[in-house]
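Here are the chains, one letter per residue:
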Amino acid sequence: MPGVTARACANIALVKYWGKRDADLNLPAAGSLSLSLAALVTETRVDFDAALGADLIELEGKPAGTAEAARVSSFLDLVRDRAGITTRARVTSFNRFPTASGLASSASGFAALAVATTHAAGLHLDPRELSILARRGSGSAARSIFGGFVRMHAGDTDEAAYAEPITSSLIDRVRMVIAIVGGGAPKTHGSRDAMDHTAATSPFYRAWVDLVPRDLAAAEAALATRDLPALGDVTEHNALAMHASAIAARPGVIYWKPATLALLAAVRTLRQNGRAAWATMDAGPHVKVLTTVEDADHIARALANVEGVTATTISGPGGPAYVVG
Ligand code: PMV
């Protein structure tokens, strides 16, 4: 069985996934919508090797920790069961992300792993089947199988919870500026546990889940009509609503640092001054700003001056996950 290397881009949700309807199958409680990013790529190689007694998982040049290795091995088991093999594998994965970015890599990681592992095992899955499989590794990974704007369906069964690309000519206009806060230190609460904790204890969780379909409809309408301000408006609002539900959990999940709030204020000022700039935040303190090709440099320079920001990166839209060789 020859080894296979695959690449996938990370994605940033404009309408977030935050909460599951089924933990075993990793079915999201609601849909989501994202933009894949060319600057954030994971490259993963998988070699099935009959000489191995156990899977060997190496991330960023180091053996994976116990929890990470177990998560990757159970993902490999899904593929092994499907291919009817028991062979163990060697997995090596690198993030080609800006140095010390501290950005979540589970989306690009599990998308690249899904593509590399299935090819190495001799399976031929179509993109939808790959998306369903990648979802089992990480909910957001289902979206990283595709490039550009991507919609994830909530779906109440395994087969119904997949992502698919959305065609919009807005794709040629958009950029994302990523402002890194605190040098990319490891995050305090993993998204997996934090969303379960929010669902179990936040009085605002139900309101959050009820809000998502409306935000998705607004985002899709904005993509269809090429209305960037409308897309930006729903992006910033949706991120704040997701964080509000997490902050109201008991104990509260607070990802923001002082620099996160300073960045949110800076983005509002930029907007008041006529720039295209709308903020979104995930399970960490960093701020990602949806903007245009024309405004991206200005926004990146302005955000680099905010106290507590350690790096900024401008990214264009990324393509779908693919086999390198
Ligand atoms: O795919 P996960 O389990 O890492 O969850 C992703 C959660 C957010 O990044 C906060 C939102 C999203 O839709 O990507």
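Residues numbered from 1 in each chain as written. Predicted model: local features only at pLDDT ≥ 70, side-chain atom pairs only at ≥ 80, totals over all residues. Heavy atoms only, no water.

Asker: What should I look at first to understand the overall build of the protein in this one?
Answerer: Looking only at helices and strands, one finds eight helices and 14 strands in the protein. Over its C-alpha atoms the protein spans a radius of gyration of 19 Å, differing by no more than 12% from the 20 Å that the globule rule assigns to 325 residues. Along the longest, intermediate and shortest principal axes, the C-alpha atoms of the protein span 60 × 40 × 35 Å. The buried share of the protein, taken over its 325 residues, is 54%. (Helix = DSSP H or I, 4+ residues; strand = E, 2+ residues; numbered from the N terminus. Rg over C-alpha atoms; globule rule 2.2 N^0.38 Å. Buried < 20%, exposed > 50% of the residue type's maximum accessible area, 1.4 Å probe, protein only.)

Asker: What is the right way to look at unusual backbone geometry in this model?
Answerer: Excluding glycine, residues mostly have negative phi values, and the peptide bonds linking residues are mostly trans. Here the bond from Arg 250 into Pro 251 is cis, since omega is -10°, no more than 30 degrees from zero. Despite not being glycine, Asn 26 shows a phi value in the positive range, around 60°. Note on placement: Asn 26 falls in the loop between β2 (20-22) and β3 (27-28).

Asker: So what exactly am I meant to see when it comes to the packing of helix α1 (residues 66-83) against helix α3 (residues 127-137) here?
Answerer: What describes two packed helices is the angle between their axes and the distance between those same axes. Across the interface, α1 lies against α3 with an axial gap of 9 Å and an inter-helix angle of 145°. For the crossing formed where α1 meets α3, the hand is right-handed. The segment α1 lies against α3, with Arg 71, Phe 75, Leu 78, Val 79 and Arg 82 engaging Glu 129, Leu 133, Ala 134, Arg 136 and Gly 137. Considering only residue class, the contact of α1 with α3 consists of five nonpolar, one polar and four charged. (Axes fitted to C-alpha atoms, helices over the stretch in contact; angles between N-to-C directions. Left-handed = near helix turned anticlockwise from the far one by under 90°. Contact = heavy atoms within 4.5 Å. Nonpolar A, V, L, I, M, F, W, Y, C, P; charged D, E, K, R; others polar.)

Asker: Looking at this structure, how should I read the environment of Phe 48?
Answerer: Along the chain, Phe 48 turns up in strand β4 (residues 32-48). For Phe 48 and Glu 58, which are ten residues apart along the polypeptide, the C-alpha to C-alpha distance reads 14 Å. Other than its neighbours up to four places away in sequence, Phe 48 contacts Met 1, Arg 80, Ile 85, Thr 87, Arg 88, Ala 89, Thr 117, Ala 120 and Ala 121.

Asker: Sorry if this is basic, but what is going on with the site of the ligand here?
Answerer: Near the ligand you find 13 residues, and of these Tyr 17, Ser 138, Ser 140, Arg 143 and Ser 191 are the closest. Between an oxygen atom of the ligand and a main-chain N or O atom of Gly 139, the distance comes to 3.4 Å. Between Arg 143 and the ligand, the recorded distance is 2.8 Å, taken from a side-chain N or O atom to an oxygen atom. Look at the ligand: alone it shows 380 Å² of surface, and the protein chains cover 93% of it. (Near = heavy atom within 4 Å. Polar contact = N/O pair within 3.5 Å; in protein donor to acceptor, adjacent residues only side chain to side chain. Areas by Shrake-Rupley, 256 points an atom, 1.4 Å probe, with all protein chains shown as cover.)

Asker: Please clarify how helix α7 (residues 258-272) should be interpreted in this entry.
Answerer: Because each turn of an α-helix spans 3.6 residues, side chains separated by three or four positions in sequence point in the same direction. Its 15 residues give α7 an end-to-end C-alpha distance of 21 Å, which sits within 8% of 21 Å, the value for a rise of 1.5 Å per residue. Within α7, the full set of buried residues consists of Ala 259, Thr 260, Leu 263, Leu 264, Ala 266, Val 267 and Leu 270. Take α7 and look down its axis: the buried residues cluster within an arc of 165°, on one side only. Residues of α7 that are exposed and angled more than 90 degrees away from the buried face: Pro 258 and Gln 272. Those residues of α7 that are buried lie in contact with β10 (174-181), α6 (228-247), β11 (278-280), β12 (287-292), α8 (296-304) and β13 (309-315). Remark: Gly 274 follows α7 within two positions and exhibits a positive phi of approximately 90°. (Expected span 1.5 Å × (residues − 1). Arc of directions from axis to C-beta.)

Asker: When you look at α1 in this model, what are you seeing that I'm missing?
Answerer: Counted at 1.5 Å a residue, the expected span for α1 with its 18 residues is 26 Å, and the 25 Å between its end C-alpha atoms agrees. Packing partners of the buried residues in α1 comprise β4, β5 (56-59), β7 (89-96), α2 (106-120) and α3. Backbone geometry just after α1 places Gly 84 at a positive phi near 70°.

Asker: Sorry if this is basic, but what is going on with the pairing of β7 here?
Answerer: For a regular strand, the rule is simple: side chains alternate between the two faces of the sheet. With eight bridges connecting them, β4 and β7 associate as antiparallel partners. When the bridges of β7 are listed, Val 41 appears paired with Arg 96. Here β5 pairs with β7 via four bridges, running parallel. Residue pairing across strands places Ile 57 opposite Val 91, the latter belonging to β7. (Pairing = 2+ DSSP bridges.)

Asker: How should I be thinking about the pattern of salt bridges in this particular structure?
Answerer: When charged atoms on two side chains of opposite charge get close, those side chains can pair. A full pass over the atoms with the stated rule returns 15 salt bridges. As a salt-bridge pair, Arg 45 and Asp 47 come within 3.0 Å of each other at their nearest N and O atoms. When its relative accessible area of 32% is taken as the criterion, Arg 45 is described as partly exposed. Relative accessible area serves as the criterion here: at 16%, Asp 47 is assigned to the buried category. Asp 210 is the salt-bridge partner of Arg 206, the closest N and O atoms lying 3.5 Å from each other. (Salt bridge = Lys/Arg side-chain N within 4 Å of Asp/Glu carboxyl O.)

Asker: For this particular structure, what's the right way to read the sheet that holds β12?
Answerer: Adjacent strands of a sheet form backbone hydrogen bonds with each other and so pair up, either parallel or antiparallel. Here we have four strands laid out as an open sheet, ordered β11-β12-β10-β13, and antiparallel in their pairing. The two strands at the open ends of the sheet, each matched to only one other strand, are β11 and β13. Along the sheet, successive strands turn relative to each other by an average axial angle of 25°, direction set aside. The pairing of β10 with β13 spans six bridges and is antiparallel. When the bridges of β13 are listed, Val 181 appears paired with Val 309. Packing against the sheet, α6 makes contact with β10, β11 and β12, and its axis sits at approximately 35° to β11. With respect to the sheet, α8 is in contact with β10, β12 and β13, its orientation differing from that of β13 by roughly 170°.

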